[in-house]
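Single-letter residue listing:
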Amino acid sequence: MAKAGRDEDFGKSAKRMFPIEKAPFYATKWGTAAMLVCIGGLESDEDCRTFTAVDAKNPERQVIPGLYVCGNVMGNRFAVEYPICMRGISHSLCVYYGYAAGKNCAQGV
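Basis of the calculations
Residues numbered from 1 in each chain as written. Predicted model: local features only at pLDDT ≥ 70, side-chain atom pairs only at ≥ 80, totals over all residues. Heavy atoms only, no water. Helix = DSSP H or I, 4+ residues; strand = E, 2+ residues; numbered from the N terminus. Buried < 20%, exposed > 50% of the residue type's maximum accessible area, 1.4 Å probe, protein only. Contact = heavy atoms within 4.5 Å. Areas by Shrake-Rupley, 256 points an atom, 1.4 Å probe, with all protein chains shown as cover. Expected span 1.5 Å × (residues − 1). Arc of directions from axis to C-beta.

Observations concerning the overall build of the chain
Okay, step 1: Looking only at helices and strands, the chain has one helix and two strands in total.
Okay, step 2: What you see in the chain, going N to C, is helices and strands ordered as β-β-α.
Okay, step 3: By residue count, 17% of the 109 residues in the chain fall in the buried class.
Okay, step 4: Pairs at least 24 apart in sequence give 46% of the contacts found in the chain among residues at least 6 apart.
Okay, step 5: Of the roughly 8500 Å² of accessible surface on the chain, a fraction of 58% belongs to carbon and sulfur atoms.

Given below as structure tokens:
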């Protein structure tokens, strides 16, 4: 995919890909402690509310009352690419959405 310049699996930007061709190759177990941010996490809306899962019994997602999310557990903020050129972006989003989640929780939004 790096040689083709297109990530068909995850949509990673071509400028961030490079082929790994020359041995020796090494691997390590990737744990959550090694990550800068949560790549997955709970999906939320602009009011920091979270949703039920979609399944056969519940085909439409519903807001889970009283459950708000902010910070690095707020899912899919960096699902495609983590913007390493923007210093402090994760912290600034934590601060803003922490404020928004607290305010919306207190107001029962």
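Structural notes on helix α1 (residues 89-107)
Okay, step 1: Over its 19 residues, α1 runs 27 Å from end to end, which matches the ideal 27 Å to within 8%, given 1.5 Å per residue.
Okay, step 2: Of all the residues in α1, the buried ones are Ile-89, Ser-90, Ala-100, Ala-101 and Asn-104. Buried residues of α1 fall within an arc of 105° about the axis and therefore sit on the same side. Facing away from the buried side of α1 by over 90 degrees, the exposed positions are His-91, Val-95, Tyr-99 and Ala-106.
Okay, step 3: Each element contacted by the buried residues of α1 is listed here: β2 (63-68).
Okay, step 4: Downstream of α1 by one or two residues, Gly-108 has phi in the positive range, about 70°.

Interpretation note: all reported values are geometric properties and have no functional meaning in isolation.
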